[in-house]
Amino acid sequence: MALAEFLAELDQLNCDAQAAFQAAGTAAALEAARIEFLGLKSGRLKSAQKGLGAVDRADKPVAGQRFNQLKQQLETALEAAQSRLASAATARVDGPRFDPTVPGIRPRLGHLHPLTQTIEELKDLMGRLGFSAVDGPEVEDEWHNFEALNIPLEHPARNPLDNFYLATAERLGATRPQSTEERGLLLRSQTSTVQIRVMEKTPPPVRIISLGRVYRPDDADATHYPMFHQIEGLLVDRGITMADLKSVLRLFASSFFQDDVHIRFRPSFFPFTEPSVEVDMSWQGRWIEMGGAGMVDPNVFRAVGYDAEEFTGFAFGLGIERVCMRRHNVTDIREFYKNDVRFLQQF
Ligand code: DAH
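We now turn to the structure provided with this report.

**Some words on the site of the ligand**
Point 1. Gln190, Ser192, Arg216, Gln230 and Glu232 are the nearest of the 15 residues found near the ligand.
Point 2. Glu232 is positioned with one of its side-chain polar atoms (N or O) 2.6 Å from an oxygen atom of the ligand.
Point 3. Phe316 is positioned with one of its backbone polar atoms (N or O) 3.3 Å from an oxygen atom of the ligand.
Point 4. Protein contact buries 91% of the 360 Å² of open area that the ligand shows by itself.
Point 5. A majority-of-atoms criterion places the ligand in the largest pocket.
Point 6. Taken together, the elements giving at least two residues each to the shell around the ligand come down to β6 (227-237), β9 (286-296) and β10 (312-319).

**As for the pattern of salt bridges**
Point 1. A full pass over the atoms with the stated rule returns 20 salt bridges.
Point 2. Here Arg66 ties to Asp11 by a salt bridge, and the two come within 3.3 Å at their closest N and O atoms. Of this pair, Arg66 sits in helix α4 (residues 60-94) while Asp11 sits in helix α1 (residues 3-23); the two residues are 55 residues apart in sequence, bridging distant segments of the chain.
Point 3. Here Asp141 ties to Arg197 by a salt bridge, and the two come within 3.8 Å at their closest N and O atoms. With Asp141 in strand β2 (residues 139-141) and Arg197 in helix α9 (residues 193-201), this pair connects stretches of sequence that are 56 residues apart.
Point 4. Salt bridges here are not isolated pairs; linked through shared partners, they connect Arg264, Arg266, Asp280 and Glu289.

**Some details on the side chain of Asn145**
Point 1. You can see Asn145 is positioned in helix α6 (residues 142-145).
Point 2. By relative accessible area, Asn145 is classed as buried at 0%.
Point 3. For Asn145, the side chain forms a polar contact with the side chain of Ser189, separated by 3.0 Å.
Point 4. When residues no more than four places from it in sequence are discounted, the contact partners of Asn145 are Glu140, Ile151, Leu186, Arg188, Ser189, Gln190 and Thr193.

**Topic: the packing of aromatic side chains**
Point 1. All told, the structure shown has 11 aromatic pairs when counted by the stated rule.
Point 2. Where Phe343 meets Phe347, the ring centres are 5.0 Å apart and the plane angle is 65 degrees; that geometry is what we call edge-to-face.
Point 3. The exposure class assigned to Phe343 is buried, which follows from its relative accessible area of 11%.
Point 4. On the basis of relative accessibility, which here comes to 22%, the residue Phe347 falls in the partly exposed class.
Point 5. Through successive ring pairs, a cluster of aromatic residues spans Tyr225, Phe336, Tyr337, Phe343 and Phe347.
Point 6. The lysine or arginine in question, Arg207, covers the ring of Phe131, its NZ or CZ lying 5.6 Å from the ring centre.
Point 7. The aromatic ring of Trp287 is capped on one face by Arg264, whose charged end is 4.2 Å from the ring centroid.

**Brief notes about the pairing of strand β5 (residues 206-215)**
Point 1. Here β5 lies mainly inside the structure; 8 of its 10 residues are buried.
Point 2. Pairing between strand β1 (residues 132-133) and β5: 2 bridges, direction parallel. Looking across to β5, one finds that Ser132 is bridged to Ile208.
Point 3. Sheet topology places β5 next to β6; 10 bridges connect them, and they run antiparallel.

**Things to note about the packing of helix α5 (residues 114-128) against helix α12 (residues 320-328)**
Packed helices, taken two at a time, are described by their axes: the angle between them and the distance between them.
Point 1. It is the contact of α5 with α12, at a shortest axis distance of 10 Å, that shows an interaxial angle of 105 degrees. In this view, α5 runs roughly perpendicular relative to α12, as classed from their interaxial angle. Of the residues in α12, those in contact with Pro114, Leu115, Thr118, Ile119, Glu121 and Leu122 of α5 are Ile320, Glu321, Val323, Cys324 and Arg327.
Point 2. For the contact of α5 with α12, the residue count by class is 7 nonpolar, 1 polar and 3 charged.

**Quick look at a negative patch on the surface**
Point 1. A grouping of Asp162, Asp218, Asp219 and Asp221 is seen on the molecular surface, where their side chains present a negatively charged patch.
Point 2. When you line up the elements, Asp221 lands in the loop between β5 and β6.

**A look at helix α3 (residues 44-53)**
Point 1. Leu45, Ala48, Gly51 and Leu52 are the residues of α3 that are buried. All buried residues of α3 fall inside an arc of 105 degrees around its axis, so they share one side. Exposed side chains of α3 directed beyond 90 degrees from the buried face belong to Lys50 and Gly53.

**Re the pairing of strand β7 (residues 262-270)**
Point 1. Strand direction decides the pairing type here: β7 and strand β8 (residues 273-283), joined by 8 bridges, are antiparallel. Across the sheet, the residue bridging to Arg264 is Asp280, located in β8.
Point 2. Between β7 and β8, which pair antiparallel and follow one another directly, the connecting turn spans 2 residues.

Thresholds applied
- Residues numbered from 1 in each chain as written.
- Predicted model: local features only at pLDDT ≥ 70, side-chain atom pairs only at ≥ 80, totals over all residues.
- Heavy atoms only, no water.
- Near = heavy atom within 4 Å.
- Polar contact = N/O pair within 3.5 Å; in protein donor to acceptor, adjacent residues only side chain to side chain.
- Areas by Shrake-Rupley, 256 points an atom, 1.4 Å probe, with all protein chains shown as cover.
- 1 Å grid on protein atoms, 1.4 Å probe; cavity = no way out; pocket = protein on both sides within 12 Å on 5 of 7 lines; lining within 4 Å.
- Sits in = over half its atoms within 2 Å of the grid points.
- Helix = DSSP H or I, 4+ residues; strand = E, 2+ residues; numbered from the N terminus.
- Salt bridge = Lys/Arg side-chain N within 4 Å of Asp/Glu carboxyl O.
- Buried < 20%, exposed > 50% of the residue type's maximum accessible area, 1.4 Å probe, protein only.
- Contact = heavy atoms within 4.5 Å.
- Phe/Tyr/Trp six-rings, centres within 6.5 Å; stacked < 30°, edge-to-face > 60°.
- Lys NZ or Arg CZ within 6 Å of the ring centre and 35° of its normal.
- Pairing = 2+ DSSP bridges.
- Axes fitted to C-alpha atoms, helices over the stretch in contact; angles between N-to-C directions.
- Parallel < 35°, antiparallel > 145°, perpendicular 65-115°, else oblique.
- Nonpolar A, V, L, I, M, F, W, Y, C, P; charged D, E, K, R; others polar.
- Patch = residues over 30% accessible without salt bridge, like charges linked within 9 Å, V, L, I, M, F, W, Y side chains within 5 Å.
- Lys, Arg positive; Asp, Glu negative; His and termini not counted.
- Charge placed at Lys NZ, Arg CZ, Asp CG, Glu CD.
- Arc of directions from axis to C-beta.

This is how it looks when you write it as structure tokens:
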């Protein structure tokens, strides 16, 4: 074999082997490349060594020298590739260096909406007065929203324009006369509905609160919104009087505002209480109207099957937005529903 041919073969072998060693990304791939080029039995270097024997005698020294040089080069390249893979492996085990002295990345924590905070707080403090919190549905029937609460059909509170009645498919398609239940479903306009739901299921005594959303088609302004929250309270037992009502409301307000709060009753009318009052609270020298209250009307007891001779009770319904606004000096109810974090993050 001519010398030039032999040397060309070695050059090609060098090229291929260097490329293969460099490309090997794993120890297994590198081992495969090692066997292909440097394998003692049938590696390509071994085959080239056989070619050396066929080179003309006169060219042998040059060919041999180049062969030895190539062998050296390939071994060096293999070692380089081996140590490259080894150091990559250690880097993986160690992972990125952790430096405990670098200041951490502070996670951005959210918090509960101010109204949710108020609701939780009210549940907590009424819980300490022995009232357990119950929920009621927001889609109600007329029995629970009106009739059982002694609000007759002709009462203005039942005006379709003052309520969110639901047009159910059944109602729209119905041609036969409808039962009371079918006649009207609406978004509840007050949480007093829950008084009825509880008394229908539980014999007296009861001592509950219910907090939740109510709906009225009011135009939104600084003090009105078509959806807002109420806290309803109901206590029924033997010998309950308005003095109990006033004491509970005063304790309630004093714990909420963490101050000595005065309560004022003004005569009023609600169909489900007799007598009925408007409840005002005075805190930091200002009176504000919190809601309504009164002694449960005997007609309500009759509607749920309670003995109105044996039991008396009081009920109240207060606006949650109102107490929350007063506490934090918020002057526009709409702020609560805009979800502007610049407002919300202050609480
Ligand atoms: N449900 C009344 C309203 O939404 C508030 C209210 C008044 C609730 C008197 C009561 C009550 O429980 O006794 O305006």
